[in-house]
Amino acid sequence: MKKTDLRRLTTEQPNRSSRNLDLRSALEIARIMNREDRKVPAAVKRALPQIAQAIEAVAQAISSGGRLIYAGAGSSGRMAALDATECPPTFNLDPKIIQYMMAGGEKALSAASEISEDSRAAGERDMAKRRPTRRDVVVGIAASGRTPYTIAALEYARKRGAKTVALTSNHETPLAAAADIAIVVAVGPEVLSGSTRMKAGTAQKMVLNMLSTGAMARLGYIYGNQMAHVNPRNEKLRERGLGIIEALAHVNRQQAERALKNCGNSVPVTLVSLLAKVDPKIAQQHLQETAGNVRRAVASAQESGR
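The text that follows walks through the structure, step by step, so that each part is easy to find. (Residues numbered from 1 in each chain as written. Predicted model: local features only at pLDDT ≥ 70, side-chain atom pairs only at ≥ 80, totals over all residues. Heavy atoms only, no water.)

1. A look at the sheet that holds strand β4 (residues 163-168)
Note the following rule: Criterion used throughout: strands pair if DSSP finds at least two bridges between them. Put simply, DSSP H or I for four residues or longer makes a helix, DSSP E for two residues or longer makes a strand, and each gets a number counted from the N terminus. Helix axes are fitted to C-alpha atoms over the stretch in contact, other axes to C-alpha atoms as well, and angles between N-to-C directions run from 0 to 180 degrees. The criterion used for residue contact is that any of the two residues' heavy atoms lie within 4.5 Å.
Ordered in space as β2-β1-β3-β4-β5, the five strands form an open sheet in which the pairing is parallel. Single-partner strands in this sheet number two, and they are β2 (98-102) and β5 (181-184). Going from strand to strand, the sheet's axes swing by 20° on average, the running direction of each strand aside. Sheet analysis places β4 next to β5, joined by four bridges and oriented parallel. Each residue of the ladder has a partner; that of Val-165, found in β5, is Ile-181. In the packing of helix α4 (residues 74-91) onto the sheet, contacts are made with β1 (68-72), β2 and β3 (137-141), and the angle to β2 comes to roughly 160°. The sheet contacts of helix α5 (residues 120-130) involve β1, β2 and β3, and relative to β2 the element is tilted by about 155°.

Following this line, the structure appears as structure tokens:
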């Protein structure tokens, strides 16, 4: 693969707004960074059509028994890990459904292992272990768009039939060329030249939030704007689950607690049972028939009871 001249990448260019940053006061530094950060949502907005395509692809993959697999290195890989690991408690998903691949492995999450990102062989090897198929969606994340590890992982997945998505902050990159869908969030030069953990990293977090949350909404794991599948495994999540039941089913706290207990501590089963006014076992059955889509399960249960 032809090497990319980093100096030609927008994310590597000097930022005129932050010249002489080391001579500024703390408040001036904060103001400069804040002004630059305001550019991120606008850059994400320009990529919304491609983000929407990726959301639909992810929803289709998961509904067909496939997976969403993130691949990245350095800061990009850590953003991927953050999104992937937060989905199981938020949506009560099997951790295998949304996964991440990190150059350098798990240890690179807490200790820099940037040398790992230069290995195409490692990218192919790590992706091969995931055994991607045409049912999967693989998202390669690299602000520069030229990280060998991530490109190789995406190319391998595409050859195996997986739908591929690139998330980058530069136009016309090898990563984008390796993808079926290219999400380019052009945030411009960083306040600290080349430090893409800043605006580019913020953009990545925003887009990954959209991909996973958007797909879950399309799949019906969200009811309205509530976490209808939240897993009440600890006190905070139990309180959240009870609050969701109270709000959506219009019951009081005591009723919510009793219903949740009767429904095996399952928030979605409780919601379907209360909203459709059916027995928990019937609610569970309709949830299984609708692949966990709470709104469709409620409608199905109501229709069956007529």
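Resuming the write-up.
2. Quick look at α4
For clarity, the cut-off: What a helix is expected to span follows from its residue count: subtract one and scale by 1.5 Å. Note on classification: 1.4 Å probe, protein chains only; a residue is buried when its accessible area is under 20% of the maximum for its type, exposed when over 50%, partly exposed between these limits.
Taking 1.5 Å per residue as the helical rise, α4 with its 18 residues ought to reach 26 Å, and the 26 Å between its terminal C-alpha atoms agrees with that figure. Within the span of α4, buried status applies to Gly-74, Ser-76, Gly-77, Ala-80, Ala-81, Asp-83, Ala-84, Cys-87, Pro-88 and Phe-91. Elements that come into contact with the buried residues of α4 comprise β1, β2, β3 and α8 (199-218).

3. Quick look at the nonpolar core
Just so we agree on the cut-off: Residues grouped as a nonpolar core are buried Ala, Val, Leu, Ile, Met, Phe, Trp, Tyr and Cys residues, joined through side-chain atoms within 4.5 Å.
Counting 44 residues, the largest nonpolar core has Tyr-70, Ile-183, Val-185, Leu-211 and Met-216 as its most contacted members. Tyr-223, Ile-244, Leu-260 and Cys-263 belong to the second largest nonpolar core, which has 26 residues in total.

4. Considerations on the pattern of salt bridges
Side-chain pairs of opposite charge can arise where the charged atoms are in close proximity. Convention followed: Criterion for a salt bridge: a side-chain nitrogen of Lys or Arg within 4 Å of a carboxyl oxygen of Asp or Glu.
Per the counting criterion, the structure on display carries nine salt bridges. Glu-124 serves as the salt-bridge partner of Arg-120, at 3.9 Å between the closest nitrogen and oxygen. Residue Arg-120 and its partner Glu-124 are located together in helix α5, separated by four residues, close to a single helical turn. With relative accessibility at 34%, the residue Glu-124 sits in the partly exposed group.

5. Describing the packing of α5 against helix α6 (residues 148-159)
Here is the rule: Angles are sorted into four bins: roughly parallel if under 35 degrees, roughly antiparallel if over 145, roughly perpendicular if 65 to 115, and oblique for all others. Crossing handedness follows the turn of the near helix against the far one: under a right angle anticlockwise gives a left-handed crossing, and clockwise gives a right-handed one. Under the grouping applied here, Gly and all other residues not named as nonpolar or charged are polar, the nonpolar ones being Ala, Val, Leu, Ile, Met, Phe, Trp, Tyr, Cys and Pro and the charged ones Asp, Glu, Lys and Arg.
At their nearest, the axes of α5 and α6 sit 7 Å apart, and the two run at 40° to each other. Judged on the interaxial angle alone, α6 and α5 are oblique. Between α5 and α6 the crossing geometry is right-handed. When α5 is examined against α6, the residues Arg-120, Ala-122, Gly-123, Glu-124, Asp-126, Met-127 and Ala-128 are found in contact with a partner set consisting of Pro-148, Tyr-149, Ile-151, Ala-152, Ala-153, Glu-155, Tyr-156 and Ala-157. Looking at the contact of α5 with α6 residue by residue, the classes come out as 10 nonpolar, one polar and four charged.

6. Some words on the packing of helix α9 (residues 235-249) against helix α10 (residues 253-262)
Between α9 and α10, the least distance of the axes is 9 Å, while the angle of their chain directions is 110°. Judged by the angle between their axes, α9 and α10 are roughly perpendicular. Relative to α10, the crossing made by α9 is right-handed. Of the residues in α10, those in contact with Arg-238, Glu-239, Leu-242, Ile-245 and Glu-246 of α9 are Arg-253, Ala-256, Glu-257 and Leu-260. Taken together, the residues of the contact of α9 with α10 sort by class into four nonpolar, no polar and five charged.

7. Describing the environment of Val-137
Tracing the backbone through its elements, the reader meets Val-137 in strand β3. Of the residues examined, Val-137 reaches a relative accessible area of 2% and is grouped as buried. For the pair Val-137 and Ala-54, spaced 83 residues apart in sequence, the C-alpha separation works out to 8.7 Å. Every residue in contact with Val-137, bar those within four places of it in the chain, is listed here: Ala-57, Val-58, Ala-61, Arg-67, Leu-68, Ile-69, Lys-163 and Val-165.

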